[in-house]
Amino acid sequence: MGGVTTPAAISPALDELSIGHSTSSASAVAVDNNNATPRLVHRSETTLIYRSGSDKGVKYILGDDPSAVQQHMARLEHEQQIFKHLPPSCPRRNIIKAEQGDDGRISILFEWVNGITLEEWLQGQQQQQQGQALPQDVLKMRLRMATAIAKTLNDYHDSGVAHTTLSKMNIIVETCEAGITVNLIHLSQSIVMKQSEDESFAKRAQQEDLEGLGRVYQTLFGVSEGIFEQENILMAREEDDSGESEDCEEGRTKRSKSSTEQEVNGGLPLYLVALISALINKGNSGGEKYDNVKQVLNDLKAAANKFDTYFRSFDWKEVSLRNHLPVPPSAFYGRQPEMSIIMSSLHSVLNYGKPNYCVVSGQAGMGKTKLMNQIKKTIEGKNGHLIVCKYMADGSRPDSVLFGALGDFFGTVVENSNDDLKARMRERIRAFESSFGIGDLIQSIPNLNKLVGSDYTSIDLSAVPQQQLLHRSKYLLCKLIGAIADAQNPVALLFDDLQWCDETTLSVIQTIVTDPEIQYCLYLGCYRDSEGARAAEQMAADIKFQIQVFTINLGPLGKEAVNALVSESMCLPPSLSQPLSAIVHTKTAGSPLFCLNFLSDGMVRFNLSTRRWEYDIKDMLMKEIPPSVVQYIVSQMTKLPRSYRLALKLASCLGHHFDHVTFLKAKVKSDYDLEKVLPSVCHLGFLHQVSPNNSPNPQFMWAHDEVREAAYLLVPENMREQFHLLIGTRLLMNTPEDELLPAAIFAILGHMNKGIRLIQTHDQKYEAAKLNLLAGETCIKTSSFHSAADYFTSGIKLLPEDCWEFEYNLTLNLHDAAQEALFVIGDFHKLRLLSAEVITKAKKFDDKLNSYNNLVRYLVSLDKMEEAMSTCTSVLSELGEPMPAQVTNEACYHAIVTTKTMLAKYPGDQILNFPRMTDARRLAAMESLQLILLSSFNSPDPRMGVLLVSKAIQMSLEFGLCEASTFAFAMYGTMLVHGTMKDLEGGYFYGNLAIKLLNVLRASRFKARVFTMVYGLIHIWRDPWQASLGNLLEGYNAGCITGDIEYAFRSTHIYSELALHSGRDLKPLKDEMITYAKRALQCKQIGAELGIVPYLSAVLELTGDASKEDIYQVLLNTTEEALFQLLESRNDRRVCFSILNNRKIGHIFKGDMESATQVHNLILNHPVISANMEHIRTMPYIIGAFADGLIAFFCARKNEKDKDKWTKTGEDMIKTFKSWEISSKWNFSNKLYLLQGECYCNLGQNELAFEKYDAAIKAARDHRFTHEEGLAHYLCGQSHLRHGQQKEAVIHFTEARKCYERWGAIALVQIMESEVGRLTQIS
C-alpha cells in the first residue's frame, strides 16, 4: 500500500462508514471475486479505507497502541449489538469479515454505503445569501430532505434505539429519482432505550436526538446558530399601550414601521421557525415542545401535503398591526363528509342532468354558506355557474332577491362570457319568449335585456288579476332557469338563509326546485336551526317525493378540525398547535366563526420582532367569555373607539351589503369623518370591501351575518326606531326625486317604516304613506307581491284616524291595493278586515266594489259558496241586476227561457259585432259573476250556476260585451250540452262563439278557461276527439302565460283523459302525463293532479313500465286504495269515478270480464259515485257507458238467470250510442258497431255479429282509435272461439296484438302473444 496518497475530498467522517445504517432495504451482498483493484478513499493516522467494487469496502486499523485498537474494536462490537435490536424491517449494515494480521493490525471487510454526508450535500447545493428566503423549489427539496432524516430517526426510535450524537457529519444521504435515502452513521454512542427501566432515561435520550435534529434543521434551512436566542429582543416595543385613543391606529402604524427593522430569521417560514424552536427546546410562547420524533415526521408530511397553505406569503406586518388571524383563502375544515354528499349530488346533476336539492341546516356560525360555496370551483370548472340568492335578516324584500341574483348573473354573462355561450343561452330564451313574452321579466331583471336585445315580445297583462300574475311569474322563472342550465353550462342555485324568507318566496322557490323540465341544475338551500326555519324545513319535507332531497345538519367542529384551522391559519405545525386549539375548542364549543373571533381577540398576537405567535395558555383558560358568538363579538366591538362603533352601528342598519355613496347619504351628523373610519373597520375584519380599491363607489359586505347582528346590538334597543327613522330621513333628504325609483325608495322606507311609531305630524304621515303606496305599486310591476303587501299595510298604519275625511283617495287606493296583494299571498285575515273597513267607510258604492269582489274571492277560496253567492247577489242587486230571491226550478226555467229569447234575436255571428261594455258598474258586476261562475256548478245546488250564467249572458246582450262575456258564453254552451236540454247543436254554436269572442275582445286572460270548457266538454260530442288534443294543450299554455293555472291544469287533466281514449301512442303520452302530473303537484293544483294520476297509472300499466301502486307512491305518497278511501270520505265522486272507471276499462282490455263486472257493480251501488252520474257527461262518462254495454252483453251470456236484465242494459247502451252517433260518427260509430256485434252474438245471429265486428274494426282503424281496433279484433276472436273456430280466433288475436303494439300497450301485447301461443299448441 505504499505510495498511495489520500484524496483531498475525502472526509474524516468516512472513517465510520463501515457501520452505517440505511432506511432503504438491502439484499444480501455476495463476495466480489472479480479481482478488481481496491481504490483508496480515505487515509488518516489510524485508518485506511479502500473501496472494492461497487458494494464492498475494506478498513485497516493502523497504529501500534493495543489499547486504541481494542477501543476501536469495542466500538465496532457495540455497533453490532445495536444492530441486533433493530427489527428485520429496519435494514442494517453488517461486517462481513474481520481479521487480525501477524503485526496485530485489524482489517475489516464491510458492506459499502453509497452517498455523501449531509454537510457535503449542502455544500453542493446553491447557497442563498444570509438573510434571504430560500427559493420555493429549494425549500421544497430541503423539506423532503428533512422528512427523510426524520423518518430514519423515527425508525430508530421505534426500534428502541437512540442515536444521541446526531449531526450533519453523521447523516449520509443519497438522492435518486425514487426519492431520498438517509443513513445514520457513528453509532458507537447510540443506546438501547428499552434496556433501562428508568423512563426518564429514555425520554432524555429522545430529547437529545430531538435537539440534535433541531440543530441539523438549522443547518439544513440556512439558519444561523444564534437566531433562536433572540426571542426576547424588542419585546417591550410590542407591548400594547394602556388606554384607548382615537389615534390608536396611527400609533400602531408607527410601531409597525420600527419593528420591521428588527426582523430576524432572514425570511425563514414561520412554520419552520416554530418547528425548529420546539426541537431545540426553545418552544413557542405557549411552551409547546415535541415529545417524540414521530410528531416531527407527521408535521413535516403535513407541510409537504399543504405546502401552499403553510408556506403562503402574506403581510406579516399587517397581521401584527391589525391583530387579525390570517385564515387561508381556501380554508375549509371538518366538513369533508358533508362535502362529499354535496359533491356526489353535484356529480349526479352533471352526469345525468337530473336536479337534486341539498339543504344544509345548523346553528349560526357553523359554516353553512362556506360549505355551499365549496362547489363554486367545481361547477365553474365544468363551465357552469353558481347563482347565489342571499336573504336578509332585516326582512327587506325577500321576494326580490331571486330577481336580483339573476340580474347579477346575466350582467356577468354579458360582460365576461364567450359569444358561443351567450348565443346558445339567447336562443333558448328566445324559444319560449316568442310564445310567452318576457316584458314583465325584463322589468324585474333589467340585465336580461342586455342578453336578449330590445326586440323581445311583451304581452298586455293589465287586465290579468294579480294572483294570476304571481303564477305567471313562477312559470316564467322556471322557463328562464331551464334556459340558463344545460349540459354544457350547468347551474348551481344557492338559496342562502332561508329562515328569512316569507311564505310567498318559499312557494316560488318550491315551484322552481320541483319543476320537472329543468335539467342540469343543483339546488342548494341553507337555513339556521331556529323558529323561522320551520317553513323551510316543511318545504324540504313536502318536495321529497318530487325531487331527491339530501338533508345535512352541521354541528360544531371536532377537535381535529379546530386544530387544522388553528394550525393552518397561524402557520404552526399541527402537533405544536394542539394545546392552543384544545383551549379554543373548549371555549368556543367548536363554532368556526367563534373560533376565528376568539383567536383575533388579542390573546394571541404575532410578534413581528421574533416572528412568532405569543399567547399564554393559562390566561386563556382563566378568561371568562360570553356563551354566544354574537355576544362575544359585541364584547370585542365595545373596546373600539367611539368613531369605530358609530360606523359599525350605521353600517349594520344598511344591510348585508351596501355602497359608499349610501353610507355617506345615511351618515348622521357627528364629530367624526366616518367615511375615513370605514377602511379601518374593514381592516379589523368586521367588513370586507368587495369592489376594487379604485372603484368610484366602493361596495362593502359584512364578514358574517352574526358580525352584523353584533354591530346592530351596539344600538340601544330603545333607540333603534329613532336611529332607523333618522337614517331613512337623511336618505330621503339626500336623494333627488328622480332617483327614488326604482331602488332608492326601498332603502328609504326600509328605515322609515321601522320608525313609523315616532312619526308625529299628519303631513309627515301622509308623505310616508304616499311613499309606501309608490313602493308597493313598483313591487307589483315586478311580481313582488309580499313586499307590496308590506308596503301597502305600512302605509295604512301611517294613516291618521280622520284619513277617510281628509285624504280619501290616498286612503282608498292604499286599501284597495293592499287587498289585492294580500289575496295573492293568502293573508285572508287581514284581507277581510280591510274589506270590511272599506265597505263600512267608503263614500260611494262604486268605491266598495273592489272590496266586495275581494270578499267574494276570499269566500270562494274557503269553499264558503253559500256566503259567496249571497254576497254576490247583494252586489248585483245594488248594481241594478237583481237575482231571484230563491233558487227554484221555476226560477231556472224562467232564466233559461229569457236568455234563449234574447239570443234568438241575434242569429249567426251578429253578437260578434256588439259594442263593448263601458259602464263601470256593469263591468264590476260581470267580474263578480265570473268569480263564482264555475264554482257554482260544483256547489251543493248546481241550479245557482244556471241563474248566474243566464244573468251574465243577459247583461252582455243588454249592455255590451266585455272580456268576461267569453267565459259566460262558453259556460252557456257547456250548460246546453250537459244540462237537461241536451242541446248539442246549441252548445256547439255558443262554444264556438266564445272562441271567436276571445279574438274579437282580445281576452287572453280567459283563453285557458274558454278552451278547457269548449274543447274539453263541448267539442267531444261532435268533433273528432283527436282534433281537440292540440287545442287543450294550447289552453294549457295560455293559462301558464297569464297565470291562470287552475284552468291550465284542468286542460291537462281533460287532455290526459282524451288522449288515452283517442288511441294516442302511449310511449310519448306517458312522458307528457308524468310532466303534467309533476307540474300540477309543483303548482299545488292537487285537484288536477288527482285527476291525471288515475290515467297515468293506467298508461303505465298498459306500457308495462310500472304498476299503478308505483306511480301513486311516487307522485302522491300513497296507494290507490288509500287515496280512494280518502276521496270517498270527502264525497269526491269525480276522482273516485275515474279511479274505478279506469280499473273497469283496464280489465276489459286485458280480457278479465269477471273483474270488470265486479267494478261495474261497485260503481252502480256506490253512494258517492252513483249520485247524479248523468250530470257528469264528460269523457269518463262516455267511456264508462261503452264499457258498461260490453259488460252487460258478457253477463247476459254468462248469467242465464239475469240474462234479460243484462240484455236490456246492453240494448239501452246501444240506443244511447245511436243517439250520440248522430252528432259524431267519427267518435261513436266504432263503439256502436262493437256493442251491436256483441248483441247479435248473444242472439245467435252470427252473420250479423261478424259483420258488425268487421264494421267496428274498420271504423276504429279509419278514425284512428288504434286501441279500440285491437279490442274489436279481440272480442271478435273470442266470438270465433265460442263457436270453435280456433284458426279465425288466432288471426284476430294476432291482429289485436299488432294494434296494441302500435298503441304501445306492451302488457296487452304479451297477453295476446300468450293467447295465440296457447291456441297454436292446442291446434
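In this text the structure is predicted, and so the values were computed from the model without any measurement.

### Some details on the overall build of the chain
- Helix and strand content of the chain: 58 helices and 21 strands.
- Here the chain holds 1323 residues, and 57% of them are scored as buried.
- Taking the intrachain contacts of the chain between residues at least 6 apart in sequence as the baseline, contacts between residues at least 24 apart amount to 72%.

### Brief notes about the packing of aromatic side chains
- Applying the stated criterion across every chain yields a total of 39 aromatic pairs.
- Seen in terms of ring centroids, phenylalanine 1217 and tryptophan 1220 are 4.9 Å apart; in terms of plane orientation they differ by 65 degrees. Their pairing is edge-to-face. Of this pair, phenylalanine 1217 and tryptophan 1220 both sit in helix H53 (residues 1203–1223), separated by three residues, roughly a single helical turn.
- Within the aromatic cluster, the residues linked to one another by ring pairs are Trp1021, Trp1025, Tyr1181, Phe1186, Phe1217, Trp1220, Phe1228 and Phe1265.
- Looking at arginine 922, its charged tip hangs above the ring of phenylalanine 959, at a distance of 4.3 Å from the centre.

### Examining the sheet that holds strand S15 (residues 521–528)
- The strand order across the open sheet built from five strands is S13-S14-S15-S12-S16, with neighbouring strands paired in parallel fashion. Each edge of the open sheet is held by one strand with a lone partner, namely strand S13 (385–390) and strand S16 (548–554). In this sheet, adjacent strand axes meet at a mean angle of 15 degrees when their direction is disregarded.
- Strand direction decides the pairing type here: strand S12 (residues 356–362) and S15, joined by seven bridges, are parallel. Across the sheet, residue glycine 362 finds its bridge partner in S15, namely arginine 528.
- Across the sheet, helix H13 (residues 401–416) lies against S13 and strand S14 (491–496), angled at about 150 degrees from S13, the strand it touches most.

### Details of the side chain of serine 159
- Mapping serine 159 onto the fold places it in the loop between helix H3 (136–158) and strand S8 (161–162).
- Exposure remark for serine 159: the relative accessible area of 8% places this residue in the buried category.
- For serine 159, the side chain forms a polar contact with the main-chain oxygen of aspartate 155, separated by 3.0 Å.

### Quick notes on the packing of helix H31 (residues 762–781) against helix H34 (residues 808–825)
- One can describe the packing of H31 onto H34 by two numbers: an axis separation of 11 Å at closest approach and a directional angle of 40 degrees. On the basis of the axis angle, H31 is oblique to H34. Two packed elements cross with a definite hand, and for H31 against H34 that hand is left-handed. Across the interface between the two elements, Tyr766, Ala769, Lys770 and Leu773 of H31 pack against Leu810, Asn813 and Leu814 of H34.
- Along the lines of polarity and charge, the residues of the contact of H31 with H34 split into five nonpolar, one polar and one charged.

### Let's talk about unusual backbone geometry
- Its identity as a non-glycine residue notwithstanding, asparagine 383 has a phi of 60 degrees, on the positive side.
- Under the relative-accessibility criterion, asparagine 383 is labelled exposed at 53%.
- For alanine 589, which is not a glycine, the phi torsion comes out positive at approximately 60 degrees.
- In this fold, alanine 589 is placed in the loop between helix H21 (574–588) and helix H22 (592–599).

### A short note on the environment of glycine 1016
- Within the fold, glycine 1016 resides in helix H43 (residues 1007–1018).
- Overall, glycine 1016 belongs to the buried group, its relative accessible area being 4%.
- Setting aside residues up to four positions removed in sequence, glycine 1016 forms contacts with Phe1011, Leu1032 and Ile1054.

### Comments concerning the confidence of the model for the chain
- Considering every residue of the chain, the mean pLDDT works out to 84; 89% of them sit at 70 or more.
- Counted against residues more than four places away or in other chains, residues 1–34, with its pLDDT under 50, gives 80 contacts.
- Counting interchain partners and residues more than four positions distant, the pLDDT-below-50 stretch residues 230–265 has 52 contacts.

### As for the sheet that holds strand S21 (residues 699–702)
- Taken in spatial order, the three strands of this open sheet run S19-S21-S20, and their pairing is antiparallel. The sheet is open, and its two edges are formed by strand S19 (657–659) and strand S20 (687–689), each paired on a single side. Pairs of neighbouring strands in the sheet enclose a mean axial angle of 25 degrees, with direction left out of account.
- Here S19 pairs with S21 via three bridges, running antiparallel.

### With respect to H22
- A large share of H22 lies buried, amounting to seven of its eight residues.
- For H22, the full list of buried residues reads Pro592, Leu593, Phe594, Cys595, Asn597, Phe598 and Leu599.
- Summarising the contacts, the buried residues of H22 are in contact with helix H20 (559–570), H21, helix H23 (617–622), helix H24 (629–637) and helix H28 (705–712).

### Concerning the pattern of salt bridges
- Across all of its chains, the model carries 50 salt bridges by this definition.
- Of the charged contacts in the structure, one is a salt bridge between lysine 1144 and aspartate 1188, with a shortest N-O distance of 2.7 Å. One end of the pair, lysine 1144, is in helix H50 (residues 1133–1150); the other, aspartate 1188, is in helix H52 (residues 1179–1198), and 44 residues separate them in sequence.
- When its relative accessible area of 14% is taken as the criterion, aspartate 1188 is described as buried.
- Several salt bridges share partner residues, and in doing so they unite Lys390, Asp496, Asp497 and Asp705 into one network.

### Digging into the environment of leucine 350
- Counting through the fold element by element, leucine 350 comes out in helix H10 (residues 336–352).
- Assessed through its relative accessible area of 16%, leucine 350 is described here as buried.
- A sequence separation of 139 residues divides leucine 350 from asparagine 489, and the C-alpha atoms of the two residues are 9.4 Å apart.
- In contact with leucine 350, other than residues within four places in its own chain, are Lys382, Pro490 and Tyr520.

### Points about the nonpolar core
- Core analysis: the largest hydrophobic core is formed by 397 residues, its most contacted members being Tyr217, Phe221, Phe410, Ile429, Trp613, Phe969 and Tyr1300.
- No other element matches H52, which puts 14 residues into this core.
- Of all hydrophobic cores here, the second largest spans 22 residues; its members include Ile342, Met343, Leu346 and Ile379.

The rules behind each value
- Residues numbered from 1 in each chain as written.
- Predicted model: local features only at pLDDT ≥ 70, side-chain atom pairs only at ≥ 80, totals over all residues.
- Heavy atoms only, no water.
- Helix = DSSP H or I, 4+ residues; strand = E, 2+ residues; numbered from the N terminus.
- Buried < 20%, exposed > 50% of the residue type's maximum accessible area, 1.4 Å probe, protein only.
- Contact = heavy atoms within 4.5 Å.
- Phe/Tyr/Trp six-rings, centres within 6.5 Å; stacked < 30°, edge-to-face > 60°.
- Lys NZ or Arg CZ within 6 Å of the ring centre and 35° of its normal.
- Pairing = 2+ DSSP bridges.
- Axes fitted to C-alpha atoms, helices over the stretch in contact; angles between N-to-C directions.
- Polar contact = N/O pair within 3.5 Å; in protein donor to acceptor, adjacent residues only side chain to side chain.
- Parallel < 35°, antiparallel > 145°, perpendicular 65-115°, else oblique.
- Left-handed = near helix turned anticlockwise from the far one by under 90°.
- Nonpolar A, V, L, I, M, F, W, Y, C, P; charged D, E, K, R; others polar.
- pLDDT = per-residue confidence, 0-100.
- Salt bridge = Lys/Arg side-chain N within 4 Å of Asp/Glu carboxyl O.
- Core = buried A, V, L, I, M, F, W, Y, C linked by side-chain atoms within 4.5 Å.

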